[in-house]
Structures are given as C-alpha cells and as structure tokens.
4 protein chains.
Amino acid sequence: MRALVLEKVRELRLRDVELPTEPGVDDVKIAMRAVGVCGSDLHFYEHGNIGPFVVRAPMVLGHEGAGVVVAVGSNVTNLKPGDRVCMEPGIPDWTSRASRNGHYNLDPKVRFWATPPVHGCLTPEVIHPANLTFKLPDNVSMAEGALVEPLAVGMQAATKAHVTPGAIGVVVGCGTIGIVTALAALAAGCSQVMITDMQQEKLDIAARYPGLVPVNIGKQDPVAKVRELTDNWGADVVFECSGHPKAYERLFDYAAPGATVVLVGMPPGPVPYDVVAAEAKELHVEHVFRYTNVYAQAVSLIASGKVDVKPLISKTFPFEKSVEAFEFAAQGLPSVVKTQIVFE
Amino acid sequence: MRALVLEKVRELRLRDVELPTEPGVDDVKIAMRAVGVCGSDLHFYEHGNIGPFVVRAPMVLGHEGAGVVVAVGSNVTNLKPGDRVCMEPGIPDWTSRASRNGHYNLDPKVRFWATPPVHGCLTPEVIHPANLTFKLPDNVSMAEGALVEPLAVGMQAATKAHVTPGAIGVVVGCGTIGIVTALAALAAGCSQVMITDMQQEKLDIAARYPGLVPVNIGKQDPVAKVRELTDNWGADVVFECSGHPKAYERLFDYAAPGATVVLVGMPPGPVPYDVVAAEAKELHVEHVFRYTNVYAQAVSLIASGKVDVKPLISKTFPFEKSVEAFEFAAQGLPSVVKTQIVFE
Amino acid sequence: MRALVLEKVRELRLRDVELPTEPGVDDVKIAMRAVGVCGSDLHFYEHGNIGPFVVRAPMVLGHEGAGVVVAVGSNVTNLKPGDRVCMEPGIPDWTSRASRNGHYNLDPKVRFWATPPVHGCLTPEVIHPANLTFKLPDNVSMAEGALVEPLAVGMQAATKAHVTPGAIGVVVGCGTIGIVTALAALAAGCSQVMITDMQQEKLDIAARYPGLVPVNIGKQDPVAKVRELTDNWGADVVFECSGHPKAYERLFDYAAPGATVVLVGMPPGPVPYDVVAAEAKELHVEHVFRYTNVYAQAVSLIASGKVDVKPLISKTFPFEKSVEAFEFAAQGLPSVVKTQIVFE
Amino acid sequence: MRALVLEKVRELRLRDVELPTEPGVDDVKIAMRAVGVCGSDLHFYEHGNIGPFVVRAPMVLGHEGAGVVVAVGSNVTNLKPGDRVCMEPGIPDWTSRASRNGHYNLDPKVRFWATPPVHGCLTPEVIHPANLTFKLPDNVSMAEGALVEPLAVGMQAATKAHVTPGAIGVVVGCGTIGIVTALAALAAGCSQVMITDMQQEKLDIAARYPGLVPVNIGKQDPVAKVRELTDNWGADVVFECSGHPKAYERLFDYAAPGATVVLVGMPPGPVPYDVVAAEAKELHVEHVFRYTNVYAQAVSLIASGKVDVKPLISKTFPFEKSVEAFEFAAQGLPSVVKTQIVFE
C-alpha cells in the first residue's frame, strides 16, 4: 500500500509499503480522510529519534487521523461500514498491570502509531482495534476528527487538573498543545485562561477565542497579569505546555495556594525546580503522558460546539503532496498551528 | 429600618424593624439593590418552618441579595464604598471544627439570612462580613448578582460531581435549582445535560440553553433517552434536584458504571434506595448542603458569559410591593423561574 | 475431573465433571490446596440463585482458593511451577469499556468462579489467567491464601473509604465481611474501629483484635458509643456490612460531617434512605462490588503481619468431605466465621 | 516569665521575658511539661534565620510542646483545668481565604511558635487557643505528647500521599522527619516502607520498627532494593525527607507508574527535576507545609499503639539546663533522634 515513509533522518518518500490489509475479529478497516502533521512526526523527520525511540528502519508517519470505516471484524458491534471515525493511536496490552490499573497509556508495551518501530496512518487504509475507534457525529468534519488526537492531550491535562467550575487558569506556551490545553481547560470549567508566549502571531490566534487572555511575555509581566486576574490570589490551575527550561523558573509564581500545576511540555533535560516554593503553597503537580479514556469526550465537546478546533487548521495538502506538507510544517512559521494532509 | 417581615405563617408585612446599622471592624454596610425570592422564603411564609427551623418570632426574609457598599469597617481592605457586590448569606463560626476542616457550611452554629431566628436582607441596608461579600464586575448586573446565591447551589453540586470535560449529565427536576445545576454542570465540563420534568413550561425555558436536552417524563422515557445520548453506557454525572420521592426510584438507571450521583433536592422523608443497583455500578453518591468557596467562581462564570442567568428572571417588583412579590411567587406558575425585588 | 457440583437447589455431589485441563498461553494450571466456603456458595446451594444469577445447570462451587502452580502457558513470565498462589476469581473482558476505565470488576461480561454458569474451583486442578494469579510469600499459609478473596472485599471497601491515618471507623455487621472490612480499615489507617452486631459470639471473635471495639446493639446504644469514641463528632468512615434493612436507618447517625459511608452489604430490596440527613453532613456514599487491583496488596498485608486472618478459620474439612463442609457451614453457627476445604 | 531566649545567632539565655499570662475567652493556659528541640529551633540558633524568617529581636524558642491545662477562657468547653494536652503551634487567621478553603496552614498571616517574631513555648506557662489544644489520653505520656508536632508533619505527608492499604512506600532520609513519615505511612496503610540514609546509626534506629526496611545507600543500591520489594513495579508512594539536592536525581526511579511522590524535605535551592521521567509515569507530586487537621488523629494513633514514638526520644534535659540541651542537640550525633526538655 502507498504510504508516507520516513526512510531515515530527513528522507521522506511516498511509496508502496507492505501493511496489513485484513481486520482481525476485533478490528476495523478504515479509509483515511485526514491526517494532521504533529510535532513528533516532525521531530522524527528532522532528528530521527525522540529520546529512546529511534527510527532504525523505514516507518510510515502519521498518528492524528480520521476516516471512514470500510470493513469490520466479526466481533465488532459498535461500528459498521460507512461510519465516520477518528482513531486513538496507541494500542496497549490490555492485560498488563498498568492497563488493569486504568493507566493503559503507561503500559510499556503500548504500540503507538509512528513511534518506532510501529507504522503510522499516512496511508490510504489502516487496520485498527474497534475499541480505539470513535464515531464522529455528522456535524464533526474529518478535519476536526483528525484534531481529536492533539485535543486529547489537552483533555488529559484538563482532566488531571481537576478544574473546578469558575477557576482561573494559566497555560504557558501557545503552540498547538498550549492552545488545545487552554481550550480543554475552558471546557473543563475555567472562566478565563491566560496563555503566554513570545510569538505574537501565536497569541493572535489564541486571542480569537473568548475566555483566552493572551500575554506576550516579551512585552508584559505575566505574573503581574495573573495577580490582576485573580485578585492577587494566583491561578487555580497552571499548565506548562512549552517545554522551555526557562518556563519552569516562575511556574509556581502563577499558582494560588493549594493550586494544581500540570506539566505537559517535554523539556530536553532536567529543569530547576523550586521545592520550597511549591511546599509553601502545597501545590499538586501532575504529569501528562498522552491520554486515557478521553477520546469519546473530546469528540462530544467538539460536536456540542463547546470546543472549536477549526481555527487551528492552518493549511491543508493532498496526500500526494505529503512530502511538501512536511517540508511546509517543518518551517515552523509562527502563524501556522496545524498542517493537515487529506485523502480524496 | 424598613424591612419585609414574616410575622408568622402566611402573615407578611413591610414595616420598621430594629436592625444593626454600624459595621464592625471586619464588616461592610451594603445598600441593597436586588433580592430574589427563594423557595425557602416561600416555605417559611406558607408553612412557618423548614424541618427543625421554626419561625417563632418576626423575621426579615430574603437571602439572595446584591447591592452597593456604602461603608466599610476599619480592617476591611478588599472592598470600598461604591463597590457593587453580592453576599454569601451564611456566617459560620470560622474557628469551629467543621470550618477548620474546610466545611464551613456544615458548622452547626452557622447564622444564615432568613433562617430562624436570623434576619434576612429584604431591607434597604444590611451589615455583612467583608470576607463573605464579593465584588461584581461592571458587566454583571444587580439582578444577576442576586442570582449568584441559587447558582452557588448548582456550583456546589457541579463541584462535588467532579465533572470531567466532555461528560454527559442528567438533572432531575427543572425548577430554579435544577436549571442552575444544569448550567453549572455545563460550565463544569459537560458537553450535554439532559434535564427532566413533568411541566413543559419549565422545560421550554431550559430548552433555550444550548447543551441542555429537555425531557418531559410524562411524554418520553428518560432512561431510553440517556441511553441514546450515551451510546447505551449511561450518564457520567446525575443530579437529583426535584426532591420528589418517585425520582429516586430510577435515579441509578441513568448512571454509567463508576458514575457520580449528586443529591441536591430535599425530599419530605426517607426515600427508597436500591443499594444493590448502586453497588453493581460502584456509584459515588454525593450530597449538597448550600455551598462552600464557590461565590467568587460563580461571579466569574457569569462575568465571562459562560453562565447566563438572565433568562431565569421572570418578574420584578419594587421593594414597596414586596408582599405582592411573595404572593405572586407563591402561586408557583410553571412559567415563572425567579421573582426578584428591587430597590430604587 | 472430580469436583464439588451443585446439581440443583440443595443437591450437592462430589463427582466427575469435564473441565479444561490445558492452560492457554497466558494461563497457569494450579493444584488446589485450600478453598473457603463463602456465603454466596451457600446461597446458591440453599436458594439456587442470587438475584439474576440462577443455577440452571450443574455447577462446580468454590471461589476462595489457594494452591500450587503445576504448569504455565508459554507467555507466562511472572509464575513458574512450584509457586504457591492465590487466585482472583473474576475474569473480565480486558478490552471492554469498563475495564479500560479501570473498573474491570464492573464489566458485565466478567466470568466469575461459581457464579452461574461459570464453574468454580472446588476441584483438584484449575486453569486460570496468570495475571489474576498472585504469588504467596513463604510465610503465608494456604489457608490464609484462601482468605485473600473475602479480605479483598474489605480492602476494596477500605480503599474506597479513603481512610486518613488516625481516623475512627464504624463497621455495621460482624460476619466474615464485617470483620475483614474492619481489619482492612485498621490496616488502612483507622486508629479504632467500632464493630456492631446482635450476636455476642461474633463480637467475641472481633474482640480479640486490638483496635476493634465490639458493640452488641441489643445491649448498648451504638450511636452513643460512637459519640464517646469521637468526642461527639462522629466517625470518619462508616461501613455497612450487614445488608440488614434496619441497619440503614441510623447509618448516618454514626457519621461525622464530611464523612464517607461505604455500602458493602446487599439488602434484599430497596431500603429507606434519609437524604436530608446525608445532605446536612454532605456525606460521601461509596458502593462496593467485589474488588479491583487489591489482591497483591492484601497478600502483602497478610505477609507483613498487619492483617491476621488466621483467627477467622473456624473449621476445616478434607475435599472428600466437601458435602459435609457445606452442610456444616449452612448451619450458620454464630461462633463460626470461615469453613475451609483442603486438598491433600 | 522565665524562658529560653534566643538573643541572636548562637546566643541562648534562660532569662525572664514579658509574656501574656491571661487567657482570652477562647484560650487556655497551659503549664508546660515537655518540649522537643526541633531542627528549625537549631537552625535559628545556629544561623539566625530560615529563608525569609529572620531573628531580629530576642525570641523564645520551642514549638513541640505538651503540658497541663491550668486555666480556661470563658467560652472554652472542650477543655478544663487538669487536662493533659499537646498544642498545635500555628495560629492562623481563621477568616482568611486560605483558611476558608481548608488550607489554614497556608495562610500567610499564620503566627507560629518560635518563628520570628513569634515567641515559642520554652517557658513554664503558655496561653494558646483552645481549638488548637488537644487532649492526651491517660496512656500517652507528656514526652509522647511533645512528639505529636513532628509526627504531624509525617501525618500530613502520609495523608497527602493517599496511601492505599497494602501499598509499598519509600522514605528518603532517616532523620526525625524521615522516621515519623515512615511511621505515619505504615499507619496509613503501607505494608512495608523502605527508608534510606548514609548514616548507619540512624538506620539502626529505624530497623527496630517492624515494616521498616532500612537501606544504607552507601552500601546498597536503593533502586534495586525497591524493585526487589515490588516485583519490579516500583513503590506506590515515595517521600523525600532529606532535602539533599542529590536525592531528587533518582527519586522518580523509585516510583511505580501512577505513583505519588511527596516532597517534605527543604533543599537549600532549586533542584534538578526530570520532567520527562515524571511524565512517563504520570506521577502525582505533592508538597507538604507543616500540617492541617491531623493533630487529633496523631494523638489517636499513639494512644492506640499503632504509632510508637517512644524509641525516638534519645535524651532528656531539665528546663534549667535548656542551654545545654541545645548545645547537645546541635552536635547532631547520628545516634540522636529527639532531644527533649522537661519541666518539673
């Protein structure tokens, strides 16, 4: 089957690959319609690895996908051909200790699309377990369906933050994950979410959303702004989505006593952590690794209109121009949030 | 000072009463602008008691109030004359064991406006502790400010429900508390909230809100509707807001395995409870008594536009017609949600 | 294979049955050494059903088992022949929605030993999934291993109670489940647990444990006793383990404001529930259905000496006298806690 | 009144000081019987400050105290003269926002014994609020009562860790706080707690407690030991009690996926924090600042025999030799856990 293959670092090709074509009894076969280009795809493309995950053999890219069911295995009852769907890309061993505990995302044996050596979904047809394939209501487009994957990260962050209704939030970093986390935090109950960055173009995109308060940290003191928004008390929930080592230095300054801080961004190495500052406020610090049990809820929020991901789709390429799509996305233009690849 | 006084059962008079006029060092003095008529006010008016709370002496009614600060005690720093405010009506003993535990609403010594023998706020000026008085932003009207009190009950319910973003909710009972609970549940993360009642007029008011799914249980099977909304799984959060003994019979049928059920309504006596049904789903059942630490958040949600209480104000009377206001509210017209009394 | 078969109501026979004998790749084969007689086994024996679970065909009884591994499937790495083990008796569909959520005990497709139509473990050899088979340390006997199953119910209750260290607990009902719940509550942090019953013999067994405070409700006012133990504040955690309809009437009287009440017992029908009393204390009511992820912890507590289940073993019969064992257990002598059946 | 006064850095004197002698209406007056010497007392003695808290004027030391009530204010109902008591040393503003939220320990206005400029309790008689004074049962000695304060820190840590029954714990650092945290973790449900240090004398004291597994990190690989204790899964709860910057480097290696890590120790500055390692396990990181609502529970655990603090009392001095007591404690002998000062 034709697929976008990362041959090795910085070498992408659209070519035929041997991939499974028959669904197992619990699987569905999906004709792909839209796939987003993710920062991790780009990182494998540009660096050949993410931490311990190294591209050692040609690998199909793509893990943010939506499509249409074309066949179902004999045990499948929740889906049928013709259903429009999006797919949760990590397949754990459901019998493992982590999965039994409800943390299937933490199972070390999870097979995740486009994480070496597992092939991704940038190919016209994929096989996937039915219990990780989620129906899209008619009012959710394929492009929106392909954005459920990054939104799911924000949903995991907002879920772990235990946002109480009317809380004030802060998101550090206004990239794709920063914005979807801010949108998830609003949906989860925040009345306002301050979002910070250095790049004004990114903040301008965030500024279109009611409830988001963009702050350019090159021009404005973000701690002073939090104090203004919170009557000098501090934010109830703080999300670190930049992974920038400097960001951790003042992270606790944003937080109210007893607040929750959620670490989503992945810095390149250990960062300085002010234990005593966190103790003085008895902060709860949570950490996010992908997501668990949030896909159906993310679809539901998009369908209800409570989360609008459409403004995040900056540019679309046809599948045949997938290589160009990656080259475009790799430029990292500050005005670009999400690049997607679509199939006829 | 002139005040609306409940002399005894079914006998209301607007007359002068002796009330404190000087704020203590930690208090503020507030010129009242709007006061809502609550079901509990009406219950005292019509029955002279609510459970163990019996009206034994003339009592000023009213506890859903908003106004303008006219004077502040010497220790007060968070407010100043001219500030537009709403007031949390229960004053606990902050040093009590319940308060120390963070449950100040459960302190048996709490003094609550218009709960015998404590006078309420249907009078032109009141004295109140500054730490229970909350500033209203400019874009929140006095009428909305007076609705923070009932909304706070819904906020307490939604907070205790631990709503995760994208959850599906059910609210049983479409009175004032049912609607504000549904609005709080939406604000707290629900993508959809089904709300049930027998009275179509009440459901028609709920129907104006995006995200609320009204179900007339006289015409439609509510359990079937929940199954339809949740892919046969059940709702993540269920709120009982009717207090109707029949409502408890099928309450657990709405709930998904592991769901949370919040009991807000107050039935007249013990209700039948299906322990084994709740065990088979390992439900979490939470109970609400007024509210704790939700006022600032409720104001914030109204100010942000995430909760719109304006459609709930059905009719307004001037203070001088307070007795007529109560007589009107006591009719219990199904099309009336909230009756308010305003001061010049 | 020879097994204790419930042919139909009140008809038990030790006879040959056809049972699987070869472990699958993820299974182990276990030579049974000890099996406890459970109230549910007795209920099937005496009534032929428990709620919707009806014995319609001959069924092997027994689900509280311990034994020695004699063979392992090709994928099994955590166990080897010779390992002494106990077995968690419910096998869920790990891919189901409930299991993915971490509630594998709530999966409607769970296959549970000796719950119709699934055969139990009262037979010399059984096949079981390796991930539900738990190694016993050398200092834990087979008889203790066979008590892990009922203890697991108490562990689930204590886990759901979120016991804080130094809490005061109450357990209603001093049967096997009442006692193991009380022991789990002590292990989980309670400094004292009051346990109530009508039968003095049962209370005398509880009285042997330091930290348990037995109260005969026929002779002493249990609410007064709770007040005495808690400085008039009420218990932090209350466990209902009797299933007796009268027990629910005063359950909330034991509880402190903000306390957790855990319902473990299974009453024969709906019970009266005082909603307003529970609201006035904002109680958290939790419900237990079997257990999830507590077996390893239960074994660990027995091994450490923190939970001593040995005094609960009242009488032991050899496998060949299994029918007599059931007849003895069915007498329900108040001085008998657990009857066990052992294999050579 | 005579008191142990820290005049300035390294200058201690037993001399007369003017201190309040009359209890207010909500206070009690206590004749002191035992006071422990705390690391913070020693730090003020040796350095004159702890972070922003600087000794600028003579200050009475001591905050770990127990004594006998000699007089009570007119509102006090929970205590009477002759009651044996211990005292929670921090007096918050109960009306503050932090206190209303249930976090009275985080109130910035808290007045804490022997934290500048507040006088401590190393003086024959003190005045203290009745609601922060806790009765000791007859079987709890004064020396044990004076150890409730450090134990309370461990209780706060164990409470925040949400220990489930049968969990495996790790405590880093075997000083007073390390040991009391380990004891609290055992009482809170841990079946075993590994405790690490470099000093063998400290570990030898811990080794006397059943359930504590001492590991000398100079001689043994602590991560390998955790793996052995947990079947390669990692500990459920990890407590950092050393404050040593090196300790944070491998902290997350001890933890199981989904575990809770509680930071209790106070390192001198920011420490390196491996965000990605914490994310890969979705760890919950909690922080402790003193304690809230654990005193009664700590007393209860000591009274019940579940926590034995007596082995921690290494040496006792009479009040008249308080200066010698401090000089002795300041030597920091590895075999000394707690030095106490007693009054006739």
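Residues numbered from 1 in each chain as written. Chains lettered and ligands numbered in written order. Predicted model: local features only at pLDDT ≥ 70, side-chain atom pairs only at ≥ 80, totals over all residues. Heavy atoms only, no water.

### Points about the interface of chain C and chain B
Across the contact, 37 residues belong to chain C and 37 residues belong to chain B. Where chain C abuts chain B, roughly 3100 Å² becomes buried across the two surfaces, and 58% of that area is made up of carbon and sulfur atoms. At the boundary of chain C with chain B, the tally comes to 17 residue pairs in polar contact (both at pLDDT 80 or more). Listed by contribution, the elements that provide at least two residues to the side of chain C that touches chain B are helix H2 (97-100), helix H4 (148-160), strand E17 (255-263), strand E18 (271-273), helix H8 (275-280) and strand E19 (284-287) of chain C. For the side of chain C that touches chain B, the per-class residue count stands at 21 nonpolar, nine polar and seven charged. Sheet analysis places strand E19 (residues 284-287) of chain B next to E19(C), joined by three bridges and oriented antiparallel. Looking at the pairing, Val285(B) lines up with Val285(C) of E19(C). (Contact = heavy atoms within 4.5 Å. Buried area = accessible area lost by both parts, 1.4 Å probe. Polar contact = N/O pair within 3.5 Å; in protein donor to acceptor, adjacent residues only side chain to side chain. Helix = DSSP H or I, 4+ residues; strand = E, 2+ residues; numbered from the N terminus. Nonpolar A, V, L, I, M, F, W, Y, C, P; charged D, E, K, R; others polar. Pairing = 2+ DSSP bridges.)

### Observations regarding the relation of the copies chain C and chain B
Rotating chain C by 180° and translating it 0.0 Å along the rotation axis places it on chain B, where the RMSD comes to 0.0 Å. Read as a symmetry element, the transformation amounts to a two-fold axis. Both copies contact each other with a shared surface, as 100% of the interface residues of chain C are interface residues in chain B too. (Least-squares fit on C-alpha atoms with pLDDT ≥ 70 in both.)

### Some points on the sheet that holds strand E6 (residues 59-60) of chain D
Residue and element names in this part refer to chain D. Read across the open sheet, the three strands follow the order E2-E1-E6; overall the sheet is antiparallel. Lying at the two open borders of the sheet, with one neighbouring strand each, are strand E2 (11-16) and E6. Where strand E1 (residues 2-8) and E6 come together, two bridges link them in antiparallel fashion. When the sheet's bridge partners are listed, Leu-6 is paired in E6 with Met-59.

### Quick word on the pairing of strand E13 (residues 168-172) of chain D
The two faces of a sheet get side chains in turn, since along a regular strand they alternate between them. Residue and element names in this part refer to chain D. Most of E13 is tucked away, with five of its five residues classed as buried. What you see with E13 is no split at all: Ile-168, Val-170 and Val-172 on one side and Gly-169 and Val-171 on the other are buried throughout. Bridge count between E13 and strand E14 (residues 192-197): five bridges; the pairing is parallel. Looking at the pairing, Gly-169 lines up with Val-193 of E14. For the crossover from E13 across helix H5 (residues 176-187) to E14, the handedness is right-handed. One ladder, built from four bridges, connects E13 with strand E16 (residues 235-240); its direction is parallel. Looking across to E16, one finds that Val-172 is bridged to Glu-240. (Buried < 20%, exposed > 50% of the residue type's maximum accessible area, 1.4 Å probe, protein only. Right-handed = clockwise from strand over helix to strand, strands pointing away.)

### Re the packing of aromatic side chains
One pair of aromatic rings is described through two measures. These are the centre distance and the angle between the planes. Applying the stated criterion across every chain, the model contains 30 aromatic pairs over all chains. Ring geometry for Tyr45(C) versus Phe326(C): centroids 6.1 Å apart, planes at 90°, classification edge-to-face. Within this pair, whereas Tyr45(C) is found in helix H1 (residues 39-47), its partner Phe326(C) is found in helix H10 (residues 322-330), the two being separated by 281 residues in sequence. Relative accessible area serves as the criterion here: at 0%, Phe326(C) is assigned to the buried category. Here a set of aromatic residues connected by ring pairs shows up, and it is made of Phe252(A), Tyr273(A), Phe252(D) and Tyr273(D). The ring of Tyr45(C) is capped by Arg10(C), whose NZ or CZ atom sits 5.1 Å from the centre of that ring. Across the ring face of Phe112(C), the terminal group of Arg290(C) is positioned such that the distance to the ring centre comes to 3.8 Å. (Phe/Tyr/Trp six-rings, centres within 6.5 Å; stacked < 30°, edge-to-face > 60°. Lys NZ or Arg CZ within 6 Å of the ring centre and 35° of its normal.)

### Quick notes on the domain arrangement of chain A
Interfaces are frequently sized by the accessible area removed from exposure as the parts join. All names here are of chain A. For chain A, the assigned domains read domain 1 (2-147 + 309-342) and domain 2 (153-287). Relative placement of domain 1 and domain 2: their C-alpha centres are 28 Å apart. Contacts between domain 1 and domain 2 engage nine residues on the former and eleven residues on the latter. If you look at where domain 1 meets domain 2, you find zero salt bridges. (Domains from an automatic or database assignment. Salt bridge = Lys/Arg side-chain N within 4 Å of Asp/Glu carboxyl O.)

### What about the interface of chain A and chain D?
Facing 37 residues of chain A, the contacting portion of chain D comprises 37 residues. Each partner contributes to the roughly 3100 Å² buried at the junction of chain A and chain D, and carbon and sulfur atoms together form 58% of this total. It is Glu279(A), Glu282(A) and His287(A) in chain A that bury the most area against chain D; as a group they hold 23% of the surface buried on that side. Counting across the interface, chain A meets chain D through two salt bridges.

### What to know about the relation of the copies chain A and chain D
For the pair of chain copies, the relating operation is a rotation around an axis with a shift along it. Each copy superposes on the other: chain A lies on chain D with an RMSD of 0.0 Å after a rotation of 180° and an axial shift of 0.0 Å. In this assembly, 100% of the residues forming the interface of chain A have copies in chain D that are likewise at the interface, indicating an isologous arrangement.

### Structural notes on the packing of helix H4 (residues 148-160) of chain D against helix H9 (residues 295-304) of chain D
Residue and element names in this part refer to chain D. The geometry of H4 relative to H9 is characterised by a closest axis approach of 9 Å and an angle of 105° between their N-to-C directions. With respect to each other, H4 and H9 are oriented roughly perpendicular. Here Val-148, Glu-149, Leu-151, Ala-152 and Met-155 of H4 lie close against H9, whose contacting residues are Tyr-295, Gln-297, Ala-298, Val-299, Leu-301 and Ile-302. The residue inventory of the contact of H4 with H9, partitioned by class, reads nine nonpolar, one polar and one charged. (Axes fitted to C-alpha atoms, helices over the stretch in contact; angles between N-to-C directions. Parallel < 35°, antiparallel > 145°, perpendicular 65-115°, else oblique.)

### Remarks on the side chain of His287(D)
Locating His287(D) in the fold gives a position in strand E19 (residues 284-287). Among the residues examined, His287(D) registers a relative accessible area of 0% and is labelled buried. Among the polar contacts made by the side chain of His287(D), one reaches the side chain of Tyr273(A) at a distance of 2.8 Å. A distance of 2.8 Å separates the side chain of His287(D) from the backbone oxygen of Leu283(A), its partner in a polar contact. In this view, His287(D) contacts Tyr273(A), Val275(A), Ala278(A), Glu279(A), Glu282(A), Leu283(A), Val285(A), Lys160(D) and Leu263(D); residues no more than four positions away in its chain are not counted.

### Structural notes on H10(C)
Residues and elements named next belong to chain C. Every buried residue belonging to H10 is among Ser-322, Ala-325, Phe-326, Phe-328 and Ala-329, and all of these are buried. Taken around the axis of H10, the buried residues stretch over an arc of 160°, which confines them to a single face. The secondary structure elements touched by the buried residues of H10 are strand E1 (2-8), strand E2 (11-16), H1, strand E20 (313-318) and strand E21 (338-342). Gly-332 sits one or two positions beyond H10 and adopts a positive phi of about 60°. (Arc of directions from axis to C-beta.)

### A closer look at the sheet that holds strand E6 (residues 59-60) of chain B
Residues and elements named next belong to chain B. Read across the sheet, three strands follow the order E2-E1-E6 without closing on themselves; strand pairing throughout is antiparallel. If you trace the sheet from one side to the other, it starts and ends with strand E2 (11-16) and E6, each paired once. Across six bridges, strand E1 (residues 2-8) lies against E2 in antiparallel orientation. Residue pairing for E2: Val-5 is matched across the bridge by Arg-13. Along the sheet, helix H10 (residues 322-330) contacts E1 and E2; its crossing angle with E2, the most-contacted strand, is approximately 160°.

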